[in-house]
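# Reading the structure
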Amino acid sequence: MKKRALISVSDKTGIVAFAHELVELGFELISTGGTYKALDEANISVKYVSEITGFPEVLDGRVKTLHPLIHGGILARDSAGHREQMEKNGISFIDLVVVNLYPFRETIAKPGVTFEEAIENIDVGGPTMVRAAAKNHGRVTVLVNPESYGEVLDVLREAGTVSAGMRKRLAAEAFAHTAEYDRLIASYLERQIETASGFPKTLRFTAQKVQELRYGENPQQKAAFYINSEAGEGTLGNGKQLQGKELSYNNWVDMDAAWKIVREFESCAATIIKHTNPCGVALGKTPVEAYETAYAADPLSAYGGIVAFNRVVDTTCAEALKERFYEVIIAPEFSPEARQILSSKANLRLFVVGRGDASKIKAGWALRSIDGGYLVQEVDRGTTSGSEWDFVTDIKPTEEDLLALNFAWRVVKHVKSNAIVVTDHRQTLGVGAGQMNRVGSVKIAIEQAGADVKGAYLASDAFFPFPDSIEEAAKAGIRAIVQPGGSIHDAAVIEAANRLNIIMVFTHRRHFQH
């Protein structure tokens with residue numbers, strides 16, 4: 001008995017060549033719409049679905065394959081009872097279903113897409129055939145991914161049939177395909193319904209496994225890296241490793257922290273990260289100047305860290321990087337000469353993120369797992385501009401002061417709270433991170449800054465609850481402080497700053513990072 005394949009694909013990648021091979025292997029082909037046209041124009045023997053159903057496409061093509069002669073052929077088991085019913089009703093087996101769906105994701109991503117256009121790109125017949133074939137994978141092979149065409153052809157040529165194990169694997173892939181399709185549609189429709197919070201009743205997200213990692217934070221923990229399929233170019237997850245050892249779980253966490261810091265600046269910037277906090281952050285006219293300045297902020301801690309740039313790593317920068325030990329270097333790009341220089345360090349991981357359009361990167365949500373659930377919040381993107389800051393002390397900042405305070409403010413946003421950063425106008429001098437009280441972070445940052453603290457600038461990610469931190473800053477010689485404000489003791493804090501001749505500005509936006 002001649003085998004039959006039903007082909008109806010939106011993504012026509014490789015479909016003509018695949019269909020040609022199926023005919024060579026003795027399959028009879030059934031198709032619809034644009035797929036039929038593509039196969040017919042390629043002189044491939046194919047029947048239009050209406051020749052099987054005896055019923056034309058109706059309702060502007062909304063109804064084509066929803067017919068017992070199609071779905072009976074897909075869903076029928078190879079049993080005496082089913083064969084008897086099929087013969088009675090003129091139904092023939094369909095053995096292979098090749099379907100992928102209307103491009104709903106691409107449609108709703110288009111600027112200015114209308115609701116009506118989105119609705120018309122919700123596939124009905126396609127998911128129905130896919131689910132029917134996947135349910136009946138005990139007999140039917142279902143294909144939703146062009147990347148699987150070659151594998152299936154190889155098996156058919158060699159064995160004449162697809163194994164039960166492969167059919168099961170392809171069925172699982174098919175159900176995943178329709179599940180993601182339905183998730184996109186549900187999420188799109190829910191976004192059309194205004195809610196007070198903006199959070200859906202049911203949180204739906206999918207991610208594709210890129211690789212399993214050697215282990216997690218500790219050797220006894222298994223780990224893997226998954227990519228968010230909706231993230232665009234210019235995001236860390238869509239980057240590419242160019243060389244070096246396999247990335248670890250802790251590498252990914254630190255890389256994320258590093259990339260977020262340098263992405264904060266439009267000026268040429270570099271940072272060196274250890275345990276998610278910056279050893280140094282600096283601006284420079286060139287990548288190597290920014291890097292050397294960041295390194296000078298804390299040379300001891302920089303050893304074995306992760307370095308990130310927001311500019312192309314060039315020859316001069318690569319020569320400087322080569323002299324020290326780092327785990328990972330991240331940049332939008334590496335020049336060919338830089339790659340050649342750094343290739344001598346075989347274990348050093350080079351990671352290129354690319355130059356995605358920052359305006360097209362979705363803010364999205366930040367997810368964190370807790371025991372038995374998830375916490376979800378908006379991503380903390382951007383900050384208040386200097387024009388929105390309040391100058392709350394008697395001494396007002398100069399333009400030069402504001403440039404330095406803006407640099408400090410953008411860095412402290414990415415330090416674990418309680419976070420204090422001491423800087424000049426382009427370099428971190430001291431970082432106090434993750435302490436249980438704010439004055440403890442102040443003391444650490446000041447001590448790390450050393451003699452450079454005199455005349456420097458201090459940023460705090462959250463308000464000062466008491467004047468004690470201001471007093472410590474004054475003793476060290478801090479010139480100006482930037483902080484959100486909002487404490488019930490703001491008046492006492494401002495009074496201390498005035499008494500101790502320290503400039504203070506309020507940003508009215510907290511960047512607490514728990």
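About the cut-offs
Residues numbered from 1 in each chain as written. Predicted model: local features only at pLDDT ≥ 70, side-chain atom pairs only at ≥ 80, totals over all residues. Heavy atoms only, no water. Pairing = 2+ DSSP bridges. Helix = DSSP H or I, 4+ residues; strand = E, 2+ residues; numbered from the N terminus. Contact = heavy atoms within 4.5 Å. Axes fitted to C-alpha atoms, helices over the stretch in contact; angles between N-to-C directions. Salt bridge = Lys/Arg side-chain N within 4 Å of Asp/Glu carboxyl O. Buried < 20%, exposed > 50% of the residue type's maximum accessible area, 1.4 Å probe, protein only. Domains from an automatic or database assignment. 1 Å grid on protein atoms, 1.4 Å probe; cavity = no way out; pocket = protein on both sides within 12 Å on 5 of 7 lines; lining within 4 Å. Points joined across faces, edges and corners; volume = space filled by probe spheres on them. Phe/Tyr/Trp six-rings, centres within 6.5 Å; stacked < 30°, edge-to-face > 60°.

### Details of the sheet that holds strand E20 (residues 480–483)
- Spatially, E16-E21-E20-E19-E17-E18 is the arrangement adopted by the 6 strands of the open sheet, whose pairing is mixed. With partners counted over all chains shown, the strands left at the sheet margins are strand E16 (390–391) and strand E18 (428–432), one partner each.
- Strand direction decides the pairing type here: strand E17 (residues 420–423) and E18, joined by 4 bridges, are antiparallel. Paired with Val-421 across the two strands is Val-431, which belongs to E18.
- Most of the contacts of helix H16 (residues 399–412) go to strand E19 (residues 457–460), to which it runs at about 40°, and overall it touches E16, E17, E18, E19, E20 and strand E21 (503–506).

### As for the sheet that holds strand E11 (residues 306–309)
- Sheet architecture is open: 6 strands sit in the order E8-E13-E12-E11-E9-E10, paired in mixed fashion. With partners counted over all chains shown, the strands left at the sheet margins are strand E8 (240–243) and strand E10 (277–283), one partner each. Here the average twist between neighbouring strands, direction ignored, is 20°.
- Where E11 meets strand E12 (residues 328–331), 3 bridges bridge the pair, whose relative direction is parallel. Residue Ala-308 lies in a different strand from E12, and its bridge partner there is Ile-330.

### Concerning the pattern of salt bridges
- Under the criterion given, the structure shown has 22 salt bridges.
- Measuring nitrogen to oxygen at the nearest pair gives 2.6 Å for the salt bridge that ties Arg-169 to Glu-151. With Arg-169 in helix H10 (residues 164–191) and Glu-151 in helix H9 (residues 149–159), this residue pair connects regions lying 18 residues apart in the sequence.
- Given the relative accessible area of 39%, Arg-169 is considered partly exposed.
- Here Glu-151 falls in the partly exposed class, since its relative accessible area comes to 31%.
- Here Glu-319 and Lys-322 are joined by a salt bridge, their closest N and O atoms 3.6 Å apart. With Glu-319 and Lys-322 both in helix H14 (residues 315–322), this residue pair falls 3 residues apart, about one helical turn.
- We classify Glu-319 as partly exposed; its relative accessible area is 36%.

### Let's talk about the domain arrangement of the protein chain
- The assigned domain composition of the protein chain is domain 1 (4–192), domain 2 (232–356) and domain 3 (386–506).
- Between domain 1 and domain 3, the C-alpha centre-to-centre distance is 63 Å.

### Considering the layout of surface pockets
- What the second largest pocket holds in volume is close to 750 Å³.
- As for the second largest pocket, its lining consists of 24 residues, of which Arg-105, Glu-106, His-177, Glu-180 and Gln-208 are closest to the centre.
- Put simply, the parts of the chain that give the lining of the second largest pocket at least two residues each are helix H6 (104–109), H10 and strand E6 (207–213).
- Among the elements that take part in the lining of the second largest pocket, H10 stands out by supplying 7 residues, more than any other.

### Quick notes on the packing of aromatic side chains
- Scanning all chains against the criterion turns up 12 aromatic pairs.
- Ring centres of Phe-18 and Tyr-149 lie 4.3 Å apart, and the angle between their planes is 10°; this geometry places the pair in the stacked category. Remark: Tyr-149 occurs in helix H9 and Phe-18 occurs in helix H1 (residues 15–24); sequence separation between them is 131 residues.
- Look at Tyr-36 and Tyr-48: their rings are 4.9 Å apart centre to centre, the planes differ by 90°, and that puts the pair in the edge-to-face class.

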